[in-house]
Amino acid sequence: MKLRYLLLSLFFSVAMFAQNGTVTGTILDKEFNNEPLPFANIVIKGTKQGTSTDENGKYSISLKPGNYTIVIGYLGYETKEIPFTIKANEKKVINHTLEASGVQLADIEIIQVVSKEKESALLQEQQKAVEIKQSIGAEEISKKGIGDVAAAVAKTSGISKQEGSSDIFVRGLGDRYNSTTMNGLPLPSNNPSTKNMSLDVFSTDIVEYIGIDKTYNFKNYGDFAGANVDIVSKTYKGSGMIEVGSGINANSNAISQNKFYLQDGPNFHGFSNESIPNNPLNGYNFTTSWDKQAATPIGSSFYLRGGDSYSVGSNGKLSFFLNASFDNSYNYKEGARRGSVNTQGIAVKDLFRKAYEYQTSSNAMANINYKINSNHNIKWNSMYINSTSQKHEEFTGIIDAFDAPGNGYVSRSTFDRTSLLINQLLGNHTLGNRINFDWGISYNMMTNVIPDRMQNTFVALDNNNPSSPLIVSDLNKSDNHRYFQEMTDDEVAGNFTLSYKFGKTADDKYKGKFIAGYSARYKEINFDATQFNFDILPPNVTLPIIDLNNIDGFFNQNGIDLGYYNIVTFRGGLSSPNALDPQNYNGQQIISAGFGAIEYQFTPKLFVIAGFRSEYIIQDIFYSTSLKTGKKLTDTMEYLPSLTAKYEINEKQNIKLAASKTYTLPQFKERAPFLFEEVGQSYFGNENLYNSTDYNFDLKWEMFPKNGEVISFTGFGKYIQNPINQVTVASATNDISWVNSGEKAIGLGIEGEWRKNIISRENNTTGEKTNLGFGLNVSYLFTNQDLDTEKVINENPGISVAFTNQDSRLTGASDLLVNSDISFNKEFKNDKSLTATLAGGYFSDRIYALGVTGKGDLVDSEVITLDFILKYNVSKNIGFGFSAKNLTDPTIERTQDIQNVVVDSYKKGRNFSISMKYSF
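Residues numbered from 1 in each chain as written. Predicted model: local features only at pLDDT ≥ 70, side-chain atom pairs only at ≥ 80, totals over all residues. Heavy atoms only, no water.

Engineer: What should I look at first to understand the overall build of the chain in this one?
Structural biologist: Helix and strand counts for the chain come out as eight helices and 51 strands. For a compact globule of 920 residues, the expected C-alpha radius of gyration is about 29 Å, and the chain comes in at 31 Å, within 12% of that figure. By its C-alpha atoms, the chain is 115 × 55 × 55 Å across when sized along the principal axes. Within the span of the chain, comprising 920 residues, buried residues form 53% of the whole. Of all intrachain contacts in the chain linking residues separated by at least 6 positions in sequence, the fraction that spans at least 24 positions is 70%. For the chain, the accessible surface area stands at approximately 38600 Å², while carbon and sulfur atoms represent 55% of it. Taken as two groups, the 87 positive and 98 negative side-chain charges of the chain have centres that lie 10 Å from each other. (Helix = DSSP H or I, 4+ residues; strand = E, 2+ residues; numbered from the N terminus. Rg over C-alpha atoms; globule rule 2.2 N^0.38 Å. Buried < 20%, exposed > 50% of the residue type's maximum accessible area, 1.4 Å probe, protein only. Contact = heavy atoms within 4.5 Å. Areas by Shrake-Rupley, 256 points an atom, 1.4 Å probe, with all protein chains shown as cover. Lys, Arg positive; Asp, Glu negative; His and termini not counted. Charge placed at Lys NZ, Arg CZ, Asp CG, Glu CD.)

Okay, structure coming up:
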């Protein structure tokens, strides 16, 4: 009886299922030339039945016979309702093309909402692309609690960030080998020491996603060997939104100090610019104090953002997005700082450093996107960034083991401010079925100032007495000084690209595409610096004892009247007619480039892009400094072929290949003979530097098991002719300069990436979702470069080096890099959600600077980091966040390896923050 009942039940179940019909179809994206739209939401109105489109924009739902309405939606796009009737065993095909809209998905229950900022969408784009590309989107940035673009980029495979600076290293290649763009247009540098804009000045609030190209694209400028980082700014889609948020943060080291000190002058918000006083050489006319000022080391943050979109006519759409934010933070670190360690392991400078640091970042962005119709789109983007770094450092110990062996004291206070205004206008136009025209122009203005840097140096009155009182140092004129610097970098750039499709197939697709374009950039740079040295004179009376809490008691008008010192510049004192003329270098850089490519699908599985780019480069520099006056005019022509190919093993697996030739251009500071002085170290430029030539090769296998998952391995190689390196010049002062250090350098490595959804569950009754995801990327790198002392001496008259080794690893290259994270996400009913992420990173030791004259390389030790981020949305309007970063708090050490002497050591401390947001 039971058996018969089971058989009857099975029969009726099969019969009922057989009578079901199926609604199926393909959803296309009108905003992107009718490409398939993955992750669109498909819902049967009034039911819990629904799905999302796959990577090819396809969907399928089984339904009982009847009358239904299918609802098709995508975040920021129109919501389309289509009624239909389905019969038993019928296959109903409903295709639709969605376009962007100001109407949000409303009045229906959405099974899944996905935007193009999501990890899964970016992985889908990565899978479809012929090029080898990698991106990190707003969703992943939010999960990992990343606050700036530099930290975001450092979370991707093969990339690390140098401690204590904004420099990133891509496969062992540092700043000079990388490039930075925003929406495909170049950005200026905010620092005379670097080629690229510091990525940490960009708040992730304004980012839609960050594209990272570690292989060369013919549309980019050829000054490339590591990666091009493209910051894609947010474009708003959807109905009106306003969101406000705030937070507080603290550094464990900073709040543990009894008192936290900063210099006098700069204000809380960072909008300060102390100017050179009137008549600075004719008496003491400085108004800011030499004495440190107390501060409360609790950081804060605030932001306000909003957007809206409106229909314009029957086909147009106008949208805007505004964002304003302010963040500040305090840090403290202390530890050993040694300089000029000789071959016997004796440090000429043996100091203990205390560093108090304060940073601010103010951002304002506005963009307007006007979609004239489905074929024409124009976007205006404008951004203002004001970022500052304030550092007060105190050094105690031996300042000079030979000339001042007693205990001494050095104080240095530096305020560094960068103001950047970015203006961009971009357009995309579809001219018929075959032709596309894309263009973009930009005008950027950057100003970097170091106003009123202060340095004091005091030495022991009695070198044999460890407790001796201190007097002002007269070892060097620059031991006590005030320094004013201003650098401007104005640039106009443009990109213009025309493409034509050919080889139409039976299904109305095209096998090939011709691409031709032109890009150019014109840069004007100007650098002025004036340093006022307090030149200690042979006194007629004994110099007074210095009170470290009242340095103003010595450096004042009375000190000049008593004959303790004169105020002079590098050009002379009051009697010199040119004493106030700043040291200066200025120049222009013009790059004019034409490019072309052919994209072709040879078989259903094989896609190839063959590209070529030629660039005419002018780099002229004029200089008048304490070292020399002159000019250096250079112009070169570079021819840059590239080849990219993709072979689709199946729907989930690809093999990709990329090969290219590029170049590396010396920077203005590296060619300008200007003396940059730091505590214990000085740098000067070398006008005889010339371009390096780079050859690049990548081979990648990738598999996408499910939506949002990837497994990939990439093998890569770099061959660099005439690499440029920072070296210590063989001289009494051991200054650092830049040279083409050898004939070649090579880099070989492998990268692996794995993203896996360990748990992914959804309750169709309550709508609750649970996801546990895991990510891991690992890179192993081997690098080697030859070091040729004779070559350097022959090519650079007046510069002498003597490399300790005949070959070396590339500076900045870690053999092993690991980044990993595990993230838990829970979406409850009533718009509540919880996200918790644990993210860690590791990089092995790496060379900071090459050893010379028997001294070992300076090597940075390995570092392990661990961060925890928690976010909880109480409702769709209110959310809270908590983060704890650098939980391992490792000791950061730099060692001179042959002598095995630690030259720099400190801990950064743990950083904690809480935040709240409200949207309406």
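Engineer: It is not clear to me how the packing of aromatic side chains should be interpreted in this structure. Could you clarify?
Structural biologist: Two descriptors summarise a pair of aromatic rings, namely the distance from one centre to the other and the angle between the planes of the rings. Applying the stated rule across the entire model yields 37 aromatic pairs. Centre to centre, the rings of Phe260 and Tyr330 are 5.5 Å apart; their planes meet at 85 degrees, and the pair counts as edge-to-face. Here Phe260, found in strand β18 (residues 260-262), pairs with Tyr330, found in strand β21 (residues 316-341); they are 70 residues apart in sequence, far enough to count as distant. Take Tyr330: its relative accessible area is 7%, and that puts it in the buried class. (Phe/Tyr/Trp six-rings, centres within 6.5 Å; stacked < 30°, edge-to-face > 60°.)

Engineer: Can you walk me through the environment of Asp479 in this structure?
Structural biologist: Here Asp479 lies in the loop between β26 (470-472) and β27 (481-504). Considered as a pair, Asp479 and Ile536 are 57 residues apart in the sequence and their alpha carbons are 9.4 Å apart. When residues no more than four places from it in sequence are discounted, the contact partners of Asp479 are Gln455, Asn456, Thr457 and Ser473.

Engineer: What is the right way to look at the nonpolar core in this model?
Structural biologist: In a soluble, globular protein the nonpolar side chains are often hidden away together inside. Residues Val153, Phe202, Ile210, Ile231 and Tyr585 are the most contacted members of the largest nonpolar core, which totals 48 residues. In terms of residue count, helix α4 (residues 149-153) provides more of this core than any other element does, four residues in total. Once residues lying within four places of it in the same chain are set aside, the contact partners of Ile231 are Val149, Thr181, Met182, Asn183, Leu187, Leu199, Phe202, Ile206, Val207 and Tyr209. By size, the runner-up hydrophobic cluster in this structure holds 22 residues, among which are Phe286, Tyr409, Tyr565 and Ala579. (Core = buried A, V, L, I, M, F, W, Y, C linked by side-chain atoms within 4.5 Å.)

Engineer: Is there a simple way to think about the sheet that holds strand β10 (residues 134-137) in this case?
Structural biologist: Pairing between the strands of a sheet is mediated by backbone hydrogen bonds and can be parallel or antiparallel. The sheet built from five strands is open, its strands ordered β10-β15-β16-β13-β14 with mixed pairing. In this open sheet, the two strands that pair with only one neighbour each are β10 and β14 (185-186). Both strand β13 (residues 179-182) and strand β16 (residues 228-233) contribute to a ladder of four bridges, which runs parallel. Bridged to Ser179 within β16 is Asn228. (Pairing = 2+ DSSP bridges.)

Engineer: Just to check I follow, could you spell out the sheet that holds strand β4 (residues 50-52) for this structure?
Structural biologist: Strand order across the open sheet formed by four strands is β4-β3-β6-β7, with antiparallel pairing between neighbours. Because the sheet does not close on itself, it has two edges, and the strands there are β4 and β7 (80-86). Sheet twist, expressed as the average angle between the axes of neighbouring strands with direction ignored, equals 20 degrees. Of the pairings in the sheet, the one linking strand β3 (residues 41-44) to β4 comprises three bridges and is antiparallel in character. Within the sheet, the bridge partner assigned to Ile42 lies in β4 and is Thr51. (Axes fitted to C-alpha atoms, helices over the stretch in contact; angles between N-to-C directions.)

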